[in-house]
Amino acid sequence: MGEKVYLTYGQQIEKLKRDGLDVGDERAAAARLKWEGYYNFAVGYNRLFKDKNKRYVRGVRFEHIEALYDFDKHLRGIVYEYTQGVECNLKALVADTFSRLYGVRENEYLAEKNFTDDPAEKGNVRWLIAACREVLSDSVREGKASYRDYIAHNAEVYGHVPLWALVRALSFGNTCRFLELMKPEDRGEIAAEYRMSGKTLCNMAEIAVGFRNIAAHGERVYCARLPAVRLSDSLSVFRRIQVPRFADGRYKYGRCDFLSLVLVFKYMLPSKEFSAFLSRVEREVDDLRVVLPAFAMKRVFEQTGLSGAWRKLGSISL
């Protein structure tokens, strides 16, 4: 195989045309490529429009790639916004529950005895405590990039940093690790707020973290597949919205794709927030549908997992 070579914007346009794409206004197309980057824009989104010979399907235009790119960009912003809401609520519940049970001083609540006594998790508990203490230490170093005034203020004025301050500085992923390593009965208190088990809550939180990271890093959301986590297929919502199945009974969608996050939001967002989220996704899908050819839109539904009666999620009760 030959090595990659540098292409000018004009050469990029010519390559797209050779591959069968109707570019249209070449100056406008070159300006878009210059702004977005050829690899990020064209290479990242062109597969949906190509045939088995890696040529664009007849009739595909540059504006079709633009529409898909913009759809995914808007979807990414929506995902980031609503996963932030989930993160904020989960942090608030973790901090409230843990502080009530184990106190507000870090030397009290950051003790191994306050976490799971599962021997297999002892190393992870020690790692989590060390990570929390490192955040506390780094946050009081004035003049450093890691300085956080709200943590430094508590340390200086009160001599300790309550968990509700510390948890603001923890990543969403580490907050979920905190939740996973809590005692089962303590985690159960938090899960009860969502009317689910502690195990299910951890599973859903992992899905939310995965998509939050994809969105935060500017990666493609519409076709994302989480590599290491699957949403539990025992949830009744799969049957309620008639998610298609494979011949062996497994669900085709909703386990690790965009639909899985939609399902997580159904359980974890307040009903008003979920309705707003769903309406925005529906609007983006409908806008894309107006522009894309039918074959491409079918592929979008397959990639996102938005198949079955997913639009009914706003009206069904769980």
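Residues numbered from 1 in each chain as written. Predicted model: local features only at pLDDT ≥ 70, side-chain atom pairs only at ≥ 80, totals over all residues. Heavy atoms only, no water.

(A) The arrangement of the nonpolar core in detail. The biggest cluster of nonpolar side chains holds 109 residues, and the ones touching the most others in it are Leu90, Leu166, Phe258, Met268, Phe277 and Leu313. Sort the elements by how many residues they give to this core and helix α4 (residues 62-102) lands first, with 17 residues. Filtering out sequence-adjacent residues up to four positions away, Leu90 remains in contact with Phe172, Cys176, Leu179, Ile190, Tyr194, Leu201, Ala205 and Met268. (Core = buried A, V, L, I, M, F, W, Y, C linked by side-chain atoms within 4.5 Å. Buried < 20%, exposed > 50% of the residue type's maximum accessible area, 1.4 Å probe, protein only. Helix = DSSP H or I, 4+ residues; strand = E, 2+ residues; numbered from the N terminus. Contact = heavy atoms within 4.5 Å.)

(B) Seen up close, helix α11 (residues 198-216). Between its terminal C-alpha atoms α11 stretches 26 Å, which fits the 27 Å expected from 19 residues at 1.5 Å a residue. The buried fraction of α11 amounts to 14 of the 19 residues, a majority that puts the element mostly inside the structure. Downstream of α11 by a residue or two, Gly218 has a phi angle that is positive, lying close to 70 degrees. (Expected span 1.5 Å × (residues − 1).)

(C) Layout of the packing of aromatic side chains. Within this structure, the stated rule accounts for 13 aromatic pairs. Over the face of the ring belonging to Tyr56 we find Lys50, whose NZ or CZ atom lies 5.0 Å from the ring centre. The residue whose ring lies beneath Arg168 is Tyr150, and the NZ or CZ to ring-centre distance is 4.0 Å. (Phe/Tyr/Trp six-rings, centres within 6.5 Å; stacked < 30°, edge-to-face > 60°. Lys NZ or Arg CZ within 6 Å of the ring centre and 35° of its normal.)

(D) Structural view of the packing of helix α13 (residues 258-268) against helix α14 (residues 271-291). Close contact between α13 and α14 brings their axes to 9 Å; oriented N to C, the two are set at 155 degrees. Looking at the two axes, α13 sits roughly antiparallel to α14. Once α13 is placed against α14, the crossing between them reads as left-handed. In contact with Phe258, Val262, Phe265 and Lys266 of α13, α14 contributes Phe274, Phe277, Leu278 and Val281. By residue class, the composition of the contact of α13 with α14 is seven nonpolar, no polar and one charged. (Axes fitted to C-alpha atoms, helices over the stretch in contact; angles between N-to-C directions. Parallel < 35°, antiparallel > 145°, perpendicular 65-115°, else oblique. Left-handed = near helix turned anticlockwise from the far one by under 90°. Nonpolar A, V, L, I, M, F, W, Y, C, P; charged D, E, K, R; others polar.)

(E) Structural context of the packing of helix α9 (residues 172-180) against α11. Contact geometry for α9 and α11: axes closest at 10 Å, N-to-C directions at 170 degrees. Between α9 and α11, the angle falls in the class roughly antiparallel. Where α9 approaches α11, its residues Phe172, Gly173, Cys176, Leu179 and Glu180 are matched on the opposing element by Leu201, Cys202, Ala205, Glu206, Ala208, Val209 and Arg212. Split into classes, the residues belonging to the contact of α9 with α11 amount to eight nonpolar, one polar and three charged.

Just distances and angles here, no functional claims.
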